Amino acid sequence: MTALAVLLALIVLLWTCVVLAFIRPLAARWREPVLRWPVLILESDDWGSGPLAQSAALARLHDLLAAIRDRTGRPAVMTLGVVMEVPDGGRIADSDPLAYLPLSLADARFGPVRDAMQAGIQTGVFAPQLHGQCHYWPPALIAAARHDAAVREWMTRDEPASTEQLPSALQSRWVDASVLPSRPLSPDVIQQAVMTEAAAYRALFEQPARVAVATTFVWTEAVEAA
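Everything numeric here is computed off the predicted structure, so don't read it as measured data.

Student: Please set out unusual backbone geometry residue by residue, giving values where relevant.
Tutor: Between Asp96 and Pro97 the backbone carries a cis peptide bond, its omega angle lying at 5 degrees. Position of Pro97 among the secondary structure elements: in the loop between helix 4 (89-93) and strand 4 (102-104). Pro181 follows Leu180 through a cis peptide bond whose omega is 5 degrees. With respect to the helices, strands and loops of the structure, Pro181 is situated in the loop between strand 6 (175-176) and strand 7 (183-184). The phi dihedral of Phe217 falls on the positive side, at around 60 degrees, and the residue is not glycine.

See the structure below:
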């Protein structure tokens, strides 16, 4: 047998071993369900607690999506990654020492936003998802606000503001990024936070969350397990 033939035999043997080692996940992916017909689904997040102008934007999106139908009459769908809490700026501004005080999506001030979301859910054009109790880790936000005037100003506004105005690192919920490099949260703290936001979502939408999408797409195995 020539050296080339031996080399080819070794390559075939190697790839055979690789395939056999991964046969189960490969078979599972081969059998993964697929959609027979194309669907139009838009993904979006950061809806809910935040700027009150969302209600008008959601109403416009509702009408636009409802007007796009497939041949069976089903509308286009947009996912809503829902955030359920922002800082209550007025109360925080009056706190001494500086304390984190939440403003929940259940608050009357967000009534028009909730109504617009529910209207789209009932029509079938909005699919809510759990994005997070808030778009930051509150203790990290407070720690940063004590030495960062811009973060403190954002936290103490009378009207709820967009979290995109925060420093990028602070927008993650499942790490402590008050200083960089960020530090992990303890599993016990994570477990309690997950239970709290899962219960808050159920109370708002009268059903448990079926999909969770982490803020900034950053979470850990401990969060996944919780």
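Student: Could you give me a rundown of the confidence of the model for the protein chain, with the residues and numbers involved?
Tutor: Per-chain confidence: the protein chain averages 92 in pLDDT, with 100% of residues scoring 70 or above. The secondary-structure element of the protein chain with the lowest mean pLDDT is helix 1 (residues 3-21), recorded at 80, while helix 5 (residues 111-123) shows the highest, at 97.

Student: Explain the pairing of strand 2 (residues 77-83) residue by residue, including any values.
Tutor: Counting buried positions over the seven residues of strand 2 gives seven, a clear majority of the element. Burial along strand 2 is two-sided: the residues Val77, Thr79, Gly81 and Val83 and Met78, Leu80 and Val82 are all buried. Relative to strand 2, strand 1 (residues 41-48) is paired through seven bridges, and the arrangement is parallel. Directly across from Leu42, in strand 2, lies its bridge partner Met78. Note on the crossover from strand 1 through helix 3 (residues 54-66) to strand 2: the handedness is right-handed.

Student: Before we move on, could you go through the sheet that holds strand 2 and cite the residues and values that matter?
Tutor: If you walk across this open sheet you meet the three strands as 1-2-5, and the pairing is parallel. The sheet is open, and its two edges are formed by strand 1 and strand 5 (126-132), each paired on a single side. Between one strand and the next, the sheet's axes are offset by a mean angle of 25 degrees, whatever the strand orientation. The strands touched by helix 3 within the sheet are strand 1, strand 2 and strand 5, with strand 1 carrying the most contacts at an inclination of about 160 degrees.

Student: Explain the packing of aromatic side chains residue by residue, including any values.
Tutor: For the structure shown, the criterion picks out four aromatic pairs. When the centroid spacing of 5.9 Å and the interplanar angle of 70 degrees are considered together, the rings of Tyr100 and Tyr136 count as edge-to-face. Highlighted residues: Tyr100 in the loop between helix 4 and strand 4 and Tyr136 in the loop between strand 5 and helix 6 (138-145), separated in sequence by 36 residues. Take Tyr100 and Tyr136: they sit in the same class, and that class is buried. With centroids separated by 4.7 Å and ring planes inclined at 35 degrees, the aromatic side chains of Tyr201 and Phe205 adopt a geometry described as tilted. With a gap of four residues between them, Tyr201 and Phe205 both fall in helix 8 (residues 187-205), about one helical turn apart. The pair Tyr201 / Phe205 is uniform in exposure class, with both members buried. Joined through ring pairs, the aromatic side chains of Tyr100, Tyr136 and Trp154 make up one cluster.

Student: I'd like to hear about the pattern of salt bridges, residue by residue, with values.
Tutor: Under the defined criterion, the tally for this structure stands at seven salt bridges. Arg74 serves as the salt-bridge partner of Asp70, at 3.0 Å between the closest nitrogen and oxygen. Among the salt bridges present, the one from Asp88 reaches Arg91, with a minimum N-O distance of 3.4 Å. Take Arg91: its relative accessible area is 44%, and that puts it in the partly exposed class.

Student: Report on empty space enclosed by the protein, specifying residues and quantitative values.
Tutor: Picture a little ball the size of a water molecule; that probe, rolled over the atoms, points out where space is still empty. Under the criterion given, the structure shown has one cavity of 30 Å³ or more. Along the wall of the largest cavity there are 13 residues; nearest its centre are Pro87, Gly89, Arg157, Glu159 and Pro160. Elements supplying a minimum of two residues to the lining of the largest cavity: strand 3 (85-87) and helix 7 (149-155). A breakdown of the residues in the lining of the largest cavity according to their chemical character gives seven nonpolar, one polar and five charged.

About the thresholds
- Residues numbered from 1 in each chain as written.
- Predicted model: local features only at pLDDT ≥ 70, side-chain atom pairs only at ≥ 80, totals over all residues.
- Heavy atoms only, no water.
- Helix = DSSP H or I, 4+ residues; strand = E, 2+ residues; numbered from the N terminus.
- pLDDT = per-residue confidence, 0-100.
- Buried < 20%, exposed > 50% of the residue type's maximum accessible area, 1.4 Å probe, protein only.
- Pairing = 2+ DSSP bridges.
- Right-handed = clockwise from strand over helix to strand, strands pointing away.
- Axes fitted to C-alpha atoms, helices over the stretch in contact; angles between N-to-C directions.
- Contact = heavy atoms within 4.5 Å.
- Phe/Tyr/Trp six-rings, centres within 6.5 Å; stacked < 30°, edge-to-face > 60°.
- Salt bridge = Lys/Arg side-chain N within 4 Å of Asp/Glu carboxyl O.
- 1 Å grid on protein atoms, 1.4 Å probe; cavity = no way out; pocket = protein on both sides within 12 Å on 5 of 7 lines; lining within 4 Å.
- Points joined across faces, edges and corners; volume = space filled by probe spheres on them.
- Nonpolar A, V, L, I, M, F, W, Y, C, P; charged D, E, K, R; others polar.

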